[in-house]
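This is what each chain is made of:
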Amino acid sequence: MKYSAMRQFLRNIKDLFRNFWKSMIRHGRPTTDRARTQTVVQNFFLHIHPARVNRHALKWCTTIGLGIMTTVLFLILVVTGILLMLYYKPSVLTAYDSMKDIHFVVPTGRVMRNVHRWGAHGMVALVILHMARVFYTSAYKSPREFNWVMGIVLLVVTFALSFTGYLLPWDQLAFWAITIGSSIAGSPQDLTDALGITQYFNPGGFIKEALLGAHFVGEEALIRFYTLHVIILPIVLSAVLGVHFWRIRKDGGLARPASAEPPDPPVPGEDPGPEDTPTESFDLMAIIHDRTPATNQEIENTVPSWPRVFHLEVILTMAVLLVLIVLSLWIDAPLAERANPDVPENPAKAPWYFLGCQELVSYSAFGGGVVIPGIVVLGLLLIPYLEREEEDVGIWFSGRRGWWIAAVSVIFAVLVNIGMLVFTVKYGWIREWFPDLVQKYPRILQIVIMFANPGMVYVVACALWSIGLILWTNSTRMASIGLFTCFLVFFLILTYFATVHRGPNWDFFWSHADWPVVEH
Ligand code: HEM
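Residues numbered from 1 in each chain as written. Predicted model: local features only at pLDDT ≥ 70, side-chain atom pairs only at ≥ 80, totals over all residues.

**So, the overall build of the chain**
Link 1 in the chain: When helices and strands are tallied, the chain shows 22 helices and 4 strands.
Link 2 in the chain: Across the chain, the fraction of contacts at a sequence separation of at least 24, relative to all contacts at a separation of at least 6, is 75%. (Helix = DSSP H or I, 4+ residues; strand = E, 2+ residues; numbered from the N terminus. Contact = placed C-beta atoms within 7 Å.)

**Some thoughts on the domain arrangement of the chain**
Link 1 in the chain: Each domain of the chain was delimited in the assignment, giving domain 1 (52-256 + 303-334) and domain 2 (346-513).
Link 2 in the chain: The C-alpha-based centres of domain 1 and domain 2 are spaced at 23 Å.
Link 3 in the chain: At the interface, 30 residues of domain 1 touch 30 residues of domain 2.
Link 4 in the chain: Among the elements that take part in the side of domain 1 that touches domain 2, helix H9 (residues 145-167) stands out by supplying 7 residues, more than any other.
Link 5 in the chain: Residues belonging to the side of domain 1 that touches domain 2 are distributed by class as follows: 19 nonpolar, 7 polar and 4 charged. (Domains from an automatic or database assignment. Nonpolar A, V, L, I, M, F, W, Y, C, P; charged D, E, K, R; others polar.)

**What about the site of the ligand?**
Link 1 in the chain: Residues in close proximity to the ligand total 26 residues, the closest being Thr-63, Gly-67, Ala-139, Gly-151 and Ala-255.
Link 2 in the chain: Put simply, the parts of the chain that give the shell around the ligand at least two residues each are helix H6 (66-85), helix H8 (109-136), H9 and helix H13 (219-250).
Link 3 in the chain: At 7 residues, H9 tops the list of elements feeding residues into the shell around the ligand.
Link 4 in the chain: Split by residue class, the shell around the ligand holds 16 nonpolar, 9 polar and 1 charged. (Near = placed C-beta within 6 Å.)

**Re the nonpolar core**
Link 1 in the chain: Ranked by internal contacts, the top residues of the largest apolar core, which has 98 residues, are Leu-73, Met-123, Leu-167, Trp-170, Ala-174, Ala-177 and Phe-490.
Link 2 in the chain: Each of domain 1 (52-256 + 303-334) and domain 2 (346-513) accounts for three or more of the residues forming this core.
Link 3 in the chain: Once you skip the residues sitting within four places of it in the chain, Ala-177 turns out to touch Tyr-166, Ala-348, Lys-349 and Ala-350. (Core = buried A, V, L, I, M, F, W, Y, C linked by C-beta atoms within 7 Å. Buried ≥ 20, exposed ≤ 12 C-beta atoms within 10 Å, placed from the backbone.)

**Quick word on helix H14 (residues 305-330)**
Link 1 in the chain: Relative to the 38 Å expected for 26 residues at 1.5 Å per residue, H14 spans 37 Å between its end C-alpha atoms, a close match to the ideal helical length.
Link 2 in the chain: Looking at H14, one finds that the buried residues are Ser-305, Trp-306, Val-309, Val-320, Leu-324 and Ser-328.
Link 3 in the chain: Packing partners of the buried residues in H14 comprise helix H3 (33-41), strand S1 (52-54), H6, H8 and strand S4 (302-304). (Expected span 1.5 Å × (residues − 1).)

**What to know about the packing of helix H15 (residues 352-361) against helix H16 (residues 365-386)**
Packed helix pairs are specified by the crossing angle of their axes together with the interaxial distance, meaning the distance between the axes.
Link 1 in the chain: At a minimum axis separation of 6 Å, H15 and H16 run at an interaxial angle of 130°. Regarding the angle of H15 to H16, the classification is oblique. Residues Cys-357, Leu-360 and Val-361 of H15 touch H16, and the partners they reach there are Ala-365, Gly-368, Gly-369, Ile-372 and Pro-373.
Link 2 in the chain: Here the residues of the contact of H15 with H16 are counted per class, giving 6 nonpolar, 2 polar and no charged. (Axes fitted to C-alpha atoms, helices over the stretch in contact; angles between N-to-C directions. Parallel < 35°, antiparallel > 145°, perpendicular 65-115°, else oblique.)

**Notes on the environment of Tyr-136**
Link 1 in the chain: Here Tyr-136 is to be found in helix H8.
Link 2 in the chain: A sequence separation of 262 residues divides Tyr-136 from Ser-398, and the C-alpha atoms of the two residues are 7.6 Å apart.
Link 3 in the chain: Not counting chain neighbours up to four residues away, the residues in contact with Tyr-136 comprise Trp-396 and Phe-397.

**Digging into the packing of H9 against helix H10 (residues 172-185)**
Link 1 in the chain: Two numbers describe how H9 lies on H10: the axes approach to 8 Å, and their chain directions differ by 130°. By the criterion of interaxial angle, the relationship of H9 to H10 is oblique. Contact with H9, carried on its side by Phe-163, Tyr-166 and Leu-167, involves Ala-174, Ala-177, Ile-178 and Gly-181 of H10 and no other residues of that element.
Link 2 in the chain: Of the residues belonging to the contact of H9 with H10, the class tally is 6 nonpolar, 1 polar and no charged.

**Some words on unusual backbone geometry**
Link 1 in the chain: In this chain, Ser-142 is followed by Pro-143 through a cis amide linkage whose omega measures 5°.
Link 2 in the chain: Here Pro-143 is to be found in the loop between H8 and H9.
Link 3 in the chain: The omega angle of the peptide bond from Asn-346 to Pro-347 is 0°, so this bond is cis rather than trans.
Link 4 in the chain: Along the chain, Pro-347 falls in the loop between H14 and H15.

**Regarding helix H12 (residues 203-212)**
Link 1 in the chain: Among all positions of H12, only Gly-204, Lys-208, Leu-211 and Leu-212 are buried. Down the axis of H12, the smallest arc covering the buried residues is 85°, so these residues share one side.
Link 2 in the chain: Where H12 is buried, its residues meet H10, helix H11 (188-195) and H13.
Link 3 in the chain: Positive backbone phi, approximately 70°, marks Gly-213, located one or two places after H12. (Arc of directions from axis to C-beta.)

**As for the environment of Cys-61**
Link 1 in the chain: Along the chain, Cys-61 falls in helix H5 (residues 60-63).
Link 2 in the chain: You can call Cys-61 exposed: it has 9 C-beta atoms within 10 Å.

**Re the environment of Leu-445**
Link 1 in the chain: With respect to the secondary-structure elements, Leu-445 resides in helix H20 (residues 442-451).
Link 2 in the chain: You can call Leu-445 partly exposed: it has 17 C-beta atoms within 10 Å.
Link 3 in the chain: Counting along the chain gives 321 residues from Leu-445 to Val-124, while the straight-line C-alpha distance between them is 36 Å.
Link 4 in the chain: Once residues lying within four places of it in the same chain are set aside, the contact partners of Leu-445 are Ile-430, Leu-437 and Val-438.

So this is what it looks like as structure tokens:
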């Protein structure tokens, strides 16, 4: 039937919302597999997901949702960080007062700051747990090696974000923790000093100055940390995260055991079966050439991403938000007195995830702050290239033998680590044993302690343990499970020890209640 222009116009008004909706969402209700696929691939926000996922990816024990929760935390940190930027003033004169304003004056400022602070702690914890999950399910193996490397970059950038954010409140805690942190960054100078070559080659001094913009923590350092924290590092993290997600797709989805793989498609040229032998052939962008278009068909072991993956993501987002908001209403982020460069904080403790490193630094800044973290990061990067057994991908601990090796490694690591700590607390280390030599040959002793300190002893013990495991089990996978487990135990025990048992002057105390009252 023909409509006059006026009738057509009235009809357009009536259908305005329906037509607007149709122009935006160009598929019907997602009740068929085809519409579910369109829901994902035609939506800007959803099309990062594949149209279908393997059923194995949806089991909670496959990922425990750790990667998604880390992503959610990063997004929450970006949003709350931008809100905090509206009030925070990055200058030595104004930073502390603006933090107080955010906390006590700005409506909802306290909760925003708390969510940002607890979210940052949560992101560090989750990224470590996510790495452990990827490791223990062998999800770093071919073809996912490079994504593991991208993951390590994300880990380092996450730590850097946290380190740079720590200075911004400009309180005593921040100032002195960053003062220590920056001298660790400059600690290669200890080595060049001991070798007597600093005037020709001084990488430590260069790194420290590049970080602080001066020889001390002040205005230049604050503005550098601020720029790194709010612009450079978030951009780097977002870009690497984009590659990380893209690689998950290109590597064929999440790692899964062979039993979860769909059966191989029929080989072209072979008889696919008695019925419907296709006569046509199909191409996809000159990449795939086959005899079936395979559209709108159940592919074995897979389900459409819509709606299950999205339900999971919404549930995890809600759970993360709920925990963060409850925590933020309940516990306030700390804010000590205004930074005072004349009154050192004693002890000046770094945030919990750097405390293990700080414990090692108490023996040698260069050894504990540069050499051992360097060995750990390099070791993590090399895992997928040195451990290349192809079996048991997607299986936690590669089966019963791996569980057992992990359990024995925990016992070994706890014994060695606690043994070392008890020994050093009771008997000290080389400096306490040979005070005369320290006086006579300070440079030589300094170099010795850089490479022969309790942390190094532990690293060597773990390396020997994993070599022993290779010989014993005849498996590089079992050896890597042993080594990685030792590394996790090492991190946990040192973190616990430095949090609970270290007090003023980094001395040993059974608890905080035993600390002496330090007069400023
Ligand atoms: C900002 C930090 C990170 C974020 C936001 C992130 C996010 C994700 C997400 C959402 C996934 C999908 C599966 C899942 O939810 O677990 C994933 C997978 C993966 N991630 Fe990460 N990740 C981060 C850091 C890391 C780190 C530190 C590593 C390891 C060193 C890593 C290695 C991998 C690998 C290899 C996969 C594929 C796993 C598989 O196929 O099962 N990621 N990541």
